[in-house]
Amino acid sequence: MGKKNKRHDVDKSALSKEGQISDYLRDIVLSSLEFEKERGDSLNRYVDNLMVTITILSVAYLAPLDYISNIQGLEEVYGISTRQILFVYLILLGLLGCALVIAVSAIFLRSNIALASPSEQFDRYSTTYKEACDEGGQIRERDLLKSYCSSLNITYRAYLLKHNNMWKRLKISTGLTVLSLIMAFVFLSHLFLTLL
């Protein structure tokens, strides 16, 4: 009898540890999914900030246009035609327009987030249960956790794909915005040096 009680105590201890490990792993799985959701929130804030920046730069670019076009003798004295100025502004605003469209398109990316259908969930659980029974044991928490993780994997992958695509578009949009800023600085520096 003593050996049976010791074995039973060992099994209880192992089950208790397995339960603790399963709880820990479940928390990690849910944290991973939560971190990816938070990444999406962060990318959405980045899009908002980028769109505000593009809007402010557009206004800043257009503000001196009236003043520059009204400078007397701009073409005769300084050799800068109105067409050249309009061409530069067209490029600057075109870059910002493309950046804005790409940033807005990042917002509307959809992720195909869905858990498996109820019947697929049941089949996955049934397979896990059958495998555990075929091995001569009972279904353990670890087996259930594996089934649970595989069902969340679809959702995680959908988030990951969406957020990676968002980040690619935001890098392009940011690059176009920075390029327009550099070109505006070069153009205005050249214009002011020419006017001096």
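Thresholds applied
- Residues numbered from 1 in each chain as written.
- Predicted model: local features only at pLDDT ≥ 70, side-chain atom pairs only at ≥ 80, totals over all residues.
- Heavy atoms only, no water.
- Axes fitted to C-alpha atoms, helices over the stretch in contact; angles between N-to-C directions.
- Helix = DSSP H or I, 4+ residues; strand = E, 2+ residues; numbered from the N terminus.
- Parallel < 35°, antiparallel > 145°, perpendicular 65-115°, else oblique.
- Left-handed = near helix turned anticlockwise from the far one by under 90°.
- Nonpolar A, V, L, I, M, F, W, Y, C, P; charged D, E, K, R; others polar.
- Phe/Tyr/Trp six-rings, centres within 6.5 Å; stacked < 30°, edge-to-face > 60°.
- Buried < 20%, exposed > 50% of the residue type's maximum accessible area, 1.4 Å probe, protein only.
- Core = buried A, V, L, I, M, F, W, Y, C linked by side-chain atoms within 4.5 Å.
- Contact = heavy atoms within 4.5 Å.
- Patch = residues over 30% accessible without salt bridge, like charges linked within 9 Å, V, L, I, M, F, W, Y side chains within 5 Å.
- Areas by Shrake-Rupley, 256 points an atom, 1.4 Å probe, with all protein chains shown as cover.
- Salt bridge = Lys/Arg side-chain N within 4 Å of Asp/Glu carboxyl O.
- pLDDT = per-residue confidence, 0-100.
- Expected span 1.5 Å × (residues − 1).
- Bend = angle between axes of the 7 residues up to and from the residue.

## Focus on the packing of helix α4 (residues 82-107) against helix α6 (residues 141-195)
Between two packed helices, both the angle of their axes relative to each other and the distance between the axes serve to describe the pair.
Part 1: Where α4 contacts α6, the axes come no closer than 8 Å and their chain directions differ by 160°. Accordingly, the angle class assigned to the pair α4 and α6 is roughly antiparallel. Between α4 and α6 lies a crossing whose hand is left-handed.
Part 2: Each residue belonging to the contact of α4 with α6 can be placed in one class, and the counts come to 21 nonpolar, four polar and one charged.

## Regarding the packing of aromatic side chains
Part 1: Under the criterion given, the structure shown has two aromatic pairs.
Part 2: Arranged with centres 6.1 Å apart and planes meeting at 85°, the rings of Y89 and F187 form a pair that is edge-to-face. Separated by 98 residues along the polypeptide, Y89 in helix α4 and F187 in helix α6 bring together distant segments of the chain.
Part 3: Residue classification places Y89 among the buried residues on the basis of a relative accessible area of 4%.
Part 4: Judged by relative accessible area, which is 11%, F187 ranks as buried.

## A few points about the nonpolar core
Part 1: The biggest cluster of nonpolar side chains holds 23 residues, and the ones touching the most others in it are Y61, I85, Y89, M166 and L170.
Part 2: Mapped by element, the contributors of at least two residues to this core are α1 (2-62), α4 and α6.
Part 3: No other element matches the eight residues that α4 contributes to this core.
Part 4: Sequence-distant contacts of Y61, defined by excluding residues within four places in its chain, comprise Y89, L92, L93, L96, S180, L181 and A184.

## Focus: a nonpolar patch on the surface
Part 1: Taken together, I21, Y24, L25 and I28 make up a surface patch of nonpolar side chains, about 390 Å² in accessible area.
Part 2: Mapped onto the elements, I21 comes out in helix α1.

## Quick notes on the confidence of the model for the protein chain
Part 1: This prediction gives the protein chain a mean pLDDT of 79; 79% of its residues lie at or above 70.
Part 2: Across residues 4-10 the pLDDT falls below 50, and counting only partners more than four positions away or on other chains, this stretch makes zero contacts in the model.

## Remarks on α4
Part 1: Its 26 residues place the ends of α4 37 Å apart at the C-alpha level, agreeing with the 38 Å of an ideal helix rising 1.5 Å per residue.
Part 2: Taken together, the buried positions of α4 are occupied by I85, Y89, L92, L95, L96, A99, A103 and A106.

## As for the environment of M183
Part 1: Positionally, M183 belongs in helix α6.
Part 2: In the structure, M183 is positioned 94 residues away from Y89 in sequence and 9.9 Å away in space, judged by C-alpha atoms.

## Focus on α6
Part 1: In this model, α6 (55 residues) spans 78 Å end to end at C-alpha, consistent with the 81 Å of a helix rising 1.5 Å per residue.
Part 2: Taken as a whole, α6 carries its principal kink of about 30° at N153.

## A short note on the pattern of salt bridges
Opposite charge on two side chains allows them to pair when their charged atoms are near.
Part 1: Enumeration over the complete set of coordinates arrives at one salt bridge.
Part 2: Between E36 and R39 there is a salt bridge, with the nearest N and O atoms lying 2.9 Å from each other. Residue E36 and its partner R39 are both found in helix α1; the two are separated by three residues, about one turn of the helix.
Part 3: Using a relative accessible area of 26% as the deciding quantity, one classes R39 as partly exposed.

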